[in-house]
Amino acid sequence: MRQARWLHEHGDEYRAKLLRVIKERLPQLEELLVGVEDHWGMEDGIYRFYHMSFKVYRLQHLTEQVCKSLRELLPDRPFNKWFSEIIAQGTGHQFEMEHNENWLRHTRSIVEASFHAHYFLKMVCKYGKELGTSPNSLPSGWAAVLYLFDLR
């Protein structure tokens, strides 16, 4: 109930602020996206998952970089609790040889977190370029970005 009241009173202001800040930071966000999508980013990280290489753990650094950049867009708004949980479960891990015995249990959350972080970065960049204002009829990707900050 309190969240609904807050959204009613401040939602429009924060949605406009979010889009404005995204547009201001778009060059840096797009540069980060290029790095994430680079050969040594997601491409190599996902390969390392299937190759059962400890190097999959490097994806955590990318995920943390993306989350830091996303967090800076609206530092006074919490991330969506599901997103926060996915990121928490997929970061902060260190490889141990025993992880090879149950690879999926130890590394799948790392890959999942990187996919979610990448998705939101990609949507922020896409709609930062495409939108002039925060629309009433929401494209799915922009609606997801709003959910990231619990603005929907």
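Up top you'll find the structure we're talking about.
Residues numbered from 1 in each chain as written. Predicted model: local features only at pLDDT ≥ 70, side-chain atom pairs only at ≥ 80, totals over all residues. Heavy atoms only, no water.

Novice: How should the packing of aromatic side chains be read in this particular structure?
Specialist: The geometry of two aromatic rings is summed up by the distance between their centres and the angle between their planes. The full count for this structure, using the stated rule, is eight aromatic pairs. Relative to Phe 120, the ring of Tyr 119 lies with its centre 5.3 Å away and its plane at 75°, an arrangement referred to as edge-to-face. We classify Tyr 119 as partly exposed; its relative accessible area is 35%. Through successive ring pairs, a cluster of aromatic residues spans Phe 79, Phe 83, Tyr 119, Phe 120 and Phe 149. Lying across the ring of Phe 79, Arg 71 places its NZ or CZ 4.3 Å from the centre. (Phe/Tyr/Trp six-rings, centres within 6.5 Å; stacked < 30°, edge-to-face > 60°. Buried < 20%, exposed > 50% of the residue type's maximum accessible area, 1.4 Å probe, protein only. Lys NZ or Arg CZ within 6 Å of the ring centre and 35° of its normal.)

Novice: Is there a simple way to think about the environment of Asp 12 in this case?
Specialist: The topology assignment puts Asp 12 in helix α1 (residues 2–37). For the pair formed by Asp 12 and Ser 114, sequence separation is 102 residues and the distance between their alpha carbons is 29 Å. (Helix = DSSP H or I, 4+ residues; strand = E, 2+ residues; numbered from the N terminus.)

Novice: Please explain the nonpolar core as it appears in this structure.
Specialist: Note that soluble globular proteins tend to have their nonpolar side chains buried in a common cluster. If you look at the biggest cluster of nonpolar residues, it comprises 46 residues, and the most contacted ones within it are Leu 18, Leu 70, Leu 73 and Trp 142. At the level of elements, α1, α2 (39–51), α3 (59–71), α4 (81–89), α5 (103–130) and α6 (140–148) are the ones that each hand at least two residues to this core. The residues touching Leu 73, leaving out its near neighbours within four places in the chain, are Leu 18, Val 21, Ile 22, Arg 25, Leu 29, Val 124 and Phe 149. (Core = buried A, V, L, I, M, F, W, Y, C linked by side-chain atoms within 4.5 Å. Contact = heavy atoms within 4.5 Å.)

Novice: So what exactly am I meant to see when it comes to α1 here?
Specialist: Quick reminder: α-helices carry 3.6 residues per turn. Residues three or four places apart thus point the same way. With 36 residues, α1 extends only 39 Å from end C-alpha to end C-alpha; this falls clearly short of the ideal 52 Å at 1.5 Å per step. The sharpest bend along α1 comes to roughly 65°, located at Leu 26, with the proline Pro 27 sitting one to four residues further on. (Expected span 1.5 Å × (residues − 1). Bend = angle between axes of the 7 residues up to and from the residue.)

Novice: Mind showing me how you'd approach the packing of α1 against α5 here?
Specialist: The relative placement of two packed helices comes down to the angle between their axes together with the axis-to-axis distance. Where α1 meets α5, the axes come as close as 8 Å, and the angle between the chain directions of the two elements is 130°. Classified by the angle their axes make, α1 and α5 are oblique. Where α1 crosses over α5, the handedness of that crossing is left-handed. Taken together, the residues of α5 that come into contact with α1 (itself represented by Leu 19, Ile 22, Lys 23, Leu 26, Leu 29, Glu 30, Leu 32, Leu 33, Val 36 and Glu 37) are His 118, Leu 121, Lys 122, Val 124, Cys 125, Tyr 127, Gly 128 and Lys 129. For the contact of α1 with α5, the class distribution of residues is 11 nonpolar, two polar and five charged. (Axes fitted to C-alpha atoms, helices over the stretch in contact; angles between N-to-C directions. Parallel < 35°, antiparallel > 145°, perpendicular 65-115°, else oblique. Left-handed = near helix turned anticlockwise from the far one by under 90°. Nonpolar A, V, L, I, M, F, W, Y, C, P; charged D, E, K, R; others polar.)

Novice: Looking at this model, I keep getting lost on unusual backbone geometry. Mind explaining?
Specialist: Of note, Met 52 is a non-glycine position whose phi angle comes to about 60°, a positive value. Mapped onto the secondary structure, Met 52 falls in the loop between α2 and α3. Assessed through its relative accessible area of 41%, Met 52 is described here as partly exposed. With a phi angle near 50°, Asp 150 is a residue other than glycine that sits in the positive phi range. Judged by relative accessible area, Asp 150 falls into the partly exposed class, the value being 21%.

Novice: When you look at the packing of α3 against α5 in this model, what are you seeing that I'm missing?
Specialist: It is at 9 Å that the axes of α3 and α5 come closest, and there the two elements cross at 35°. Along this stretch, α3 crosses α5, giving a crossing that reads as left-handed. In this structure, α3 contributes Leu 59, Gln 60, Thr 63, Val 66, Cys 67 and Leu 70 to the contact, and α5 contributes Ile 110, Val 111, Ala 113, Ser 114, Ala 117, Phe 120, Leu 121 and Val 124. For the contact of α3 with α5, a count of residues per class yields 11 nonpolar, three polar and no charged.

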